[in-house]
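Residue strings, one per chain:
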Amino acid sequence: MNGFEGRIGRTLADSEPHFTEPEHPGEDAPNVVVILMDDTGFAQFGCYGSDIDTPNVDALAKAGVQFTNFHVTPLCSPTRAALLTGRSQHAVGMRGVSNWRTGFPHQLGHISNSASTIAEVLHAEGYATFCVGKWHLAPTQDISAAGPFDQWPLARGFDRYYGFLEGETDQFHPELVRDNSHIDPPASPDDGYHVSEDLVDQLLQMINDSKGVRPDRPFFAYVPFGATHAPHQAPAPYLEKYRGRYDEGWDVVRERWYQRQLELGVIPRGTELAPRNPGVAAWDDMPATHKLLACRLQEAFAAFLDHTDDQIGRLIDGLRAMGQLDNTIVVLLADNGASQEGGPLGVMHEMKFFNGITESPDEAVKWIDDIGGPHSHTNYPWGWAQCGNSPFRWYKQNTHEGGVHVPMIMHWPDGFGADQAGTKRSQFVNVSDIAPTIYELLGVTPPNTYRGIDQMPVTGHSFVTVLEDPAAPAANTLQYFENTGSRALIAERDGRWWKAVTKHNQGDDFDTEPWELYDLSADPSECTDLADGQPARLAELIDLWWAEAERHGVLPLDDRMMELFATHPSDRSPHRLDRRYVYRPPMTPISSQPSASVGGKAFDLTARVTGTADDEGVLWATGNENSGCSIFVQNRRLVVDYNAFDDHTIVESEREVPDGDATLAVHLERDSRTTGWVELSIDGEPCGRADIPFYMRMVSSVGSSIGEDHGSAVSARYQAPFAYSGALHEVVIQLPQRSSRSEQAATAKSEMAKQ
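Procedures and definitions
- Residues numbered from 1 in each chain as written.
- Predicted model: local features only at pLDDT ≥ 70, side-chain atom pairs only at ≥ 80, totals over all residues.
- Heavy atoms only, no water.
- Helix = DSSP H or I, 4+ residues; strand = E, 2+ residues; numbered from the N terminus.
- Rg over C-alpha atoms; globule rule 2.2 N^0.38 Å.
- Buried < 20%, exposed > 50% of the residue type's maximum accessible area, 1.4 Å probe, protein only.
- Pairing = 2+ DSSP bridges.
- Axes fitted to C-alpha atoms, helices over the stretch in contact; angles between N-to-C directions.
- Contact = heavy atoms within 4.5 Å.
- Salt bridge = Lys/Arg side-chain N within 4 Å of Asp/Glu carboxyl O.
- Phe/Tyr/Trp six-rings, centres within 6.5 Å; stacked < 30°, edge-to-face > 60°.
- Lys NZ or Arg CZ within 6 Å of the ring centre and 35° of its normal.
- Disulfide = S-S within 2.5 Å.

Trainee: Explain the overall build of the protein to me, and be specific about the residues and the numbers.
Mentor: Secondary structure summary: the protein contains 16 helices and 28 strands in total. For 755 residues, the compact-globule formula gives about 27 Å, and the C-alpha radius of gyration of the protein, at 27 Å, lands near that figure. By its C-alpha atoms, the protein is 90 × 80 × 50 Å across when sized along the principal axes. Going through the 755 residues of the protein one by one, you find that 61% of them count as buried.

Dropping the structure here:
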């Protein structure tokens, strides 16, 4: 009866009903759409200087407000946490990627429940809330169908979700989730499928579902694309479009983009183009095959971005057709600068790099036509990444401008006025400032408590005054940065903007490593280090950094990265202390981190089946067509296909699988740093063995599946999913109870490859 404001008598005649009305933000409340790009550098949209075709993003800038001094964190999960909460990423428990849990408050592997998200706040105000795309804000050991689901999107304020929970996915064969369930993609690459298109299709349907029934209810949509994170994959026509466009090389192209940035006014006059980063070769000094590979990798990136821009255009056109665009606040940004994970030469397959395979461009060009398609997992070289970050130094992961200075555009025809269309803002803005700005534009006050939990204060700064007046001062004048020990602080002093920054190398002494000092007002690209000439100012900023670190929960400083990806066995986790995994189909495919970690290890797999001569199919598989291992029955034989980057070791049983009950077993083991062997047995009798020329320490970023091969087929001997047609009772995988340090390092490197 709590909250009932009517009157209850003995009969209906002497009673008075009372109906509660749901919260509603008002008839004219605007919709909000936040579009987040992944690993997209400051210069890579056309309206920020590049020659990549991004007409739809450019149109948003032309009709909206374009920010030229916008900053984020150097890494994906922290930026997402700050964006969705309006608070420091460290304070809300996300100093690094959600794959990590360190036992300290600044790295929970999820957003603290004391920091409500925009979705949670707006849902409580009566908004419909949708998310499509990359989440990467839940502990990755919790993203299988076993859950727990308390940090999945639906538990953090969203009504509907469609996308992938990990840090990356194959764009043609994504590991998809709808709401709280893993699902198969609705089509294949042969049907023209690409996940970016699917995400927009799904979001437009969610909006239509909502507006068709409740046209009065506004919506909040969060659209974190997988693009342009590796793998760089796009439909063939987009790849063909860019053939030969970058043959002049990164030195010429970067200079051209820089000059265009000056013409467009996205960097101030007098800004220098930073010199090449260490490890970036002069283009003219490179061998022909190095150039050929690098150009093709850049073409794939450009095609990927162009294709994503078209999907953004489809979303905007869809909103326009619904009559919703003019009263929708659109925010478009990137999560960090362009990625350095491709290394100095670029990579055809990231997992090769993390297996210690140094593939020279002379070898890689043999497969150059695979780049950008389903049979690829590529990332471009440092030279093109720095080009994408023009005019800045360094990359994603670094606290220099190349890692944290990215594009941001806002568009709201009904709210900003025609006189603001196409204007720019050079005031400093940080990603944590977006949420409080949205709240102020909507007239919403975030709650002090949410679901009974006291909430941290929103510490970002609303920049509504900057939106209203191009001459208004910046709302945020003091901002810290930190990522695995690399640190920076930007502060305004007497009208000038200063930056102290240090690029940390793992293991260096935090107290004695050198800091740099830049006058960003005169030197936005950090070309002239003033540390030696102004030690007092540098000391002041360093002291301020430590004070901000205390205030925002940045401490303790922790420079661990790859070692944090290693699995930690526990009987209260997917990885039990006895290292025994028992799977009974039917089962949903298992994401990589909760899967049995077989990379680089000896393991026994045993499958109990009941079948006939006609039954065949996959018993267990991990990985995809680029690399993996599949164990299956075909033509009455037990078969293992060990796919080490297209080098297939295939062994068949020497005897047939009998009718009726059978126990099918496979033992795999590494016998040197690089080689191994596989042995098959049926009902305890050995019946096949083969040597494995390269035993992978890291198999794939794609997880495992039971009773079928989910996604693209590991083996060319069948078409996926090739589900086992007999009765598969269980699959048991037994790993050694103690893994070596090298095996732990292998697992860690495999996970890092996905970030």
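Trainee: How would you explain the sheet that holds strand β15 (residues 486-493) if you had to name every residue and give the values?
Mentor: Hydrogen bonds between backbone atoms are what pair the strands of a sheet, whose relative direction is either parallel or antiparallel. Strand order in the open sheet formed by four strands is β14-β15-β16-β17, with antiparallel pairing between adjacent strands. Each of the sheet's edge strands pairs with one partner strand only, and the pair in question is β14 (478-483) and β17 (516-519). Strand-to-strand twist of the sheet, defined as the mean angle between neighbouring strand axes without regard to direction, takes the value 15°. As paired strands, β15 and strand β16 (residues 496-502) are joined by seven bridges and run antiparallel to one another. In the sheet register, Glu-492 faces β16, and the bridge partner there is Trp-497. Packing of helix α15 (residues 535-552) onto the sheet brings it into contact with β14, β15, β16 and β17, and relative to β15 it is tilted by some 110°.

Trainee: Give me the pattern of salt bridges: which residues, what numbers.
Mentor: Note on pairing: side chains with opposite charge can pair once their charged atoms come close. Evaluated as defined, the whole model comprises 35 salt bridges. For Glu-299, the salt bridge identified is with Arg-296, shortest N-O distance 3.3 Å. A residue pair is termed a helical-turn pair when its members lie 3 or 4 positions apart in one helix, as Glu-299 and Arg-296 do in helix α7 (residues 288-322) at three residues. Each member of the pair, Glu-299 as well as Arg-296, carries the same accessibility label: buried. Residues Glu-730 and Arg-584 are paired through a salt bridge, measuring 3.3 Å at the closest nitrogen-oxygen approach. Placement of Glu-730 in strand β28 (residues 727-734) and of Arg-584 in the loop between β18 (580-583) and β19 (603-611) is noted, with a sequence separation of 146 residues between them. Judged by its relative accessible area of 13%, Glu-730 is buried. The exposed category is assigned to Arg-584, whose relative accessible area is 51%. It is possible to trace a salt-bridge network through shared partners that takes in Asp-38, Arg-80, Lys-134 and Asp-335.

Trainee: Give a detailed account of the packing of aromatic side chains, specifying residues and quantitative values.
Mentor: On inspection of all chains with the given rule, the structure shows 26 aromatic pairs. Between Trp-250 and Trp-283, the aromatic rings sit 4.9 Å apart at their centres with planes inclined by 75°, giving edge-to-face as the arrangement. Of this pair, Trp-250 sits in helix α6 (residues 250-264) while Trp-283 sits in the loop between α6 and α7, and the two are 33 residues apart along the sequence. Here Trp-250 and Trp-283 have matching classes, each one buried. Grouping aromatic residues by their ring pairs yields a cluster made of Trp-135, Phe-158, Phe-220 and Tyr-222. Of note, Arg-689 hangs over the ring of Trp-677, and the distance from its end group to the ring centre comes to 4.0 Å.

Trainee: Before we move on, can you summarise the pairing of strand β7 (residues 219-224) with the specific residues and values?
Mentor: In terms of residue burial, β7 counts as a mostly covered element, since six of its six residues are buried. Residues Phe-219, Ala-221 and Val-223 point to one face of β7 and Phe-220, Tyr-222 and Pro-224 to the other, with burial holding for every one of them. Direction of pairing for strand β1 (residues 31-37) relative to β7: parallel, over a ladder of five bridges. Within β7, the residue paired with Val-32 across the bridge is Phe-220.

Trainee: Summarise the state of the cysteines; cite the residues concerned and give the values.
Mentor: Scanning the model with the defined rule gives zero disulfides in all. Between Cys-387, a free cysteine, and Cys-295, which holds the nearest cysteine sulfur, the sulfur-to-sulfur gap is 11 Å.

Trainee: Hey, could you go over the sheet that holds strand β27 (residues 704-706) for me, with residue numbers and the actual values?
Mentor: Reading across the sheet, the five strands line up as β23-β22-β21-β20-β27 and stay open at both edges, with antiparallel pairing between neighbours. Two strands lie at the open edges of the sheet, namely β23 (647-652) and β27, each paired on one side alone. Taking each pair of neighbouring strands and ignoring which way they run, the sheet shows an average axis angle of 10°. Both strand β20 (residues 617-624) and strand β21 (residues 627-634) contribute to a ladder of seven bridges, which runs antiparallel. Each residue of the ladder has a partner; that of Gly-617, found in β21, is Val-633.

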